[in-house]
Amino acid sequence: MKITISAFALVFLCSFTPIFAQTAVISVDAQRILDTKFRSWRLAEVKKEIVDFYKREFPYEQPNSIKGDWNGDGKIDYAVQLQNRQSSESQIIVVLMKSRSGFDTYFLEAADCIGSEKKGSKGYNFDAQQSFRYKHDAIFSAIWEKAGTTYIWEKGRFRGILTSD
C-alpha cells in the first residue's frame, strides 16, 4: 500500500511542476511568462556534445537559456531557445526584455544553441569583413561547428550579424 500511495503522490506532485523545468538562470517573473504564454513549447533539447562543451567552457550558461542586458538599460533580460511540443523541428528563441510593465517579448530565429556575447568583447562581422566591439550584451545563435548569428539590439529592434563562419 505504501508503494501505491508514494507512486500516487509522485504523479500528483509532478502534475503541478512548471511547464519548463528551468535552471536558476531565469527569474520567477520571466518563468511565469514562459509557463503561461508558451504552453505549447518547451526548452529546446540540445545535443550532448554541445551540453558537454557548455559545462566545460561556459558553466554559467545553458545552451538553451541565457541572461544579459540586451538593450543596455542596466536591467537583466533573458533569452531561451524553445521547441514546439509537437515537433522538435520547430524552434524559436524567445527574448524577454525587462520593461516597466514586466517583460516585452521578442522572437528570433533559432539554430542548435544560444550563448551570450558580453558588452565590450570583440566580435567580427563576416558580411562587412570588419571587427567591432559589442555596445551591449548580445545573443549568439549557433549552428554547431558551422556558423552563427549574433543578435544585437539596435534602434529598438534586434539585428542579426553573421559573426561565425
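Calculation rules
- Every chain is numbered on its own, with residues counted from 1 as its sequence reads.
- Residue-level local features of this predicted model are given only where pLDDT is at least 70; pairs of side-chain atoms are given and counted only at 80 or more, and the full residue set underlies all totals for whole chains, interfaces and linings.
- Based on all heavy atoms of the structure, the side-chain values leave hydrogens and waters out of the count.
- Under the scheme applied here, a residue whose accessible area is under 20% of the maximum for its type counts as buried, over 50% as exposed, and between as partly exposed, the area being computed with a 1.4 Å probe on protein chains only.
- Numbering of helices and strands starts at the N terminus; helices are DSSP runs of H or I of at least 4 residues and strands are runs of E of at least 2.
- Whether two residues touch is decided by their heavy atoms; if any such pair falls within 4.5 Å, the residues are in contact.
- Every case where a carboxyl oxygen of Asp or Glu lies within 4 Å of a side-chain nitrogen of Lys or Arg is listed as a salt bridge.
- Between the rings of Phe, Tyr and Trp (Trp by its six-membered ring), a pair exists once the centres lie within 6.5 Å; its type follows the angle of the planes, with under 30 degrees stacked, over 60 edge-to-face, and the other angles tilted.
- The rule is short: NZ of Lys or CZ of Arg within 6 Å of the ring centre and within 35 degrees of the ring normal puts a charge over the ring.
- Here, any two strands with at least 2 DSSP bridges between them count as paired.
- Confidence of the prediction at every residue is given by pLDDT, a number between 0 and 100.
- In this description, a line fitted to the C-alpha atoms serves as the axis of each element, helices being fitted only across the stretch in contact, and the angle between N-to-C directions of two axes falls anywhere from 0 to 180 degrees.

**Focus: helix H2 (residues 28-37)**
All of the buried residues along H2 are Ala30, Gln31, Ile33, Leu34 and Asp35. Where the residues of H2 are buried, they touch strand S3 (77-84), strand S4 (91-99) and strand S5 (102-109).

**Brief notes about the pattern of salt bridges**
Scanning the entire structure with this criterion turns up five salt bridges. Note that glutamate 45 is salt-bridged to arginine 42, the shortest N-O span being 2.8 Å. Notably, a salt bridge pairs glutamate 57 with arginine 56, separated by 3.7 Å at the nearest N-O pair. By relative accessible area, glutamate 57 is classed as partly exposed at 44%.

**A look at the environment of glutamine 62**
Here glutamine 62 is to be found in the loop between helix H3 (48-57) and strand S2 (65-68). Note: C-alpha distance between glutamine 62 and glutamine 81 (19 residues apart in sequence) is 10.0 Å.

**Examining the packing of aromatic side chains**
Going through the model one piece at a time under the given rule, you end up with twelve aromatic pairs. Between the aromatic rings of tyrosine 78 and phenylalanine 103, the centroid separation amounts to 6.0 Å while the plane-to-plane angle is 55°, which identifies the pairing as tilted. In this pair, tyrosine 78 is assigned in strand S3 and phenylalanine 103 in strand S5, connecting sequence segments 25 residues apart. Take tyrosine 78: its relative accessible area is 8%, and that puts it in the buried class. Both rings, one in tyrosine 106 and one in phenylalanine 158, keep their centres 5.8 Å apart while their planes meet at 75°; by these two values the pair is edge-to-face. With tyrosine 106 in strand S5 and phenylalanine 158 in strand S11 (residues 157-164), this residue pair connects regions lying 52 residues apart in the sequence. Assessed through its relative accessible area of 25%, tyrosine 106 is described here as partly exposed. Members of the aromatic cluster, each reached through a chain of ring pairs, are Phe53, Tyr54, Phe58, Tyr60 and Trp144. A cation over an aromatic ring shows up here: lysine 98 above the ring of phenylalanine 103, its NZ or CZ 4.8 Å from the ring centre.

**As for the pairing of strand S6 (residues 113-117)**
Most of S6 sits inside the fold, with four of its five residues counted as buried. Here S6 runs beside strand S9 (residues 138-143); their pairing, made up of five bridges, is antiparallel. Counted as the bridge partner of cysteine 113 is alanine 142 from S9.

**Description of the confidence of the model for the protein chain**
Residues of the protein chain with pLDDT of at least 70 account for 85%, and the chain-wide mean is 86. Across residues 1-24, where pLDDT falls below 50, the model places 20 contacts with residues more than four positions away in sequence or in other chains.

**Some words on unusual backbone geometry**
Its identity is not glycine, yet glutamine 129 carries a phi of approximately 55°, on the positive side. Positionally, glutamine 129 belongs in the loop between strand S7 (122-125) and strand S8 (130-133). At glutamate 145, a residue that is not glycine, the phi angle is positive and equals roughly 55°. The topology assignment puts glutamate 145 in the loop between S9 and strand S10 (147-154).

**Quick word on the sheet that holds S10**
Here we have four strands laid out as an open sheet, ordered S6-S9-S10-S11, and antiparallel in their pairing. At either margin of the open sheet sits one strand with a lone partner, and together these are S6 and S11. The mean inter-strand angle of the sheet, taken between neighbouring strand axes irrespective of direction, is 30°.

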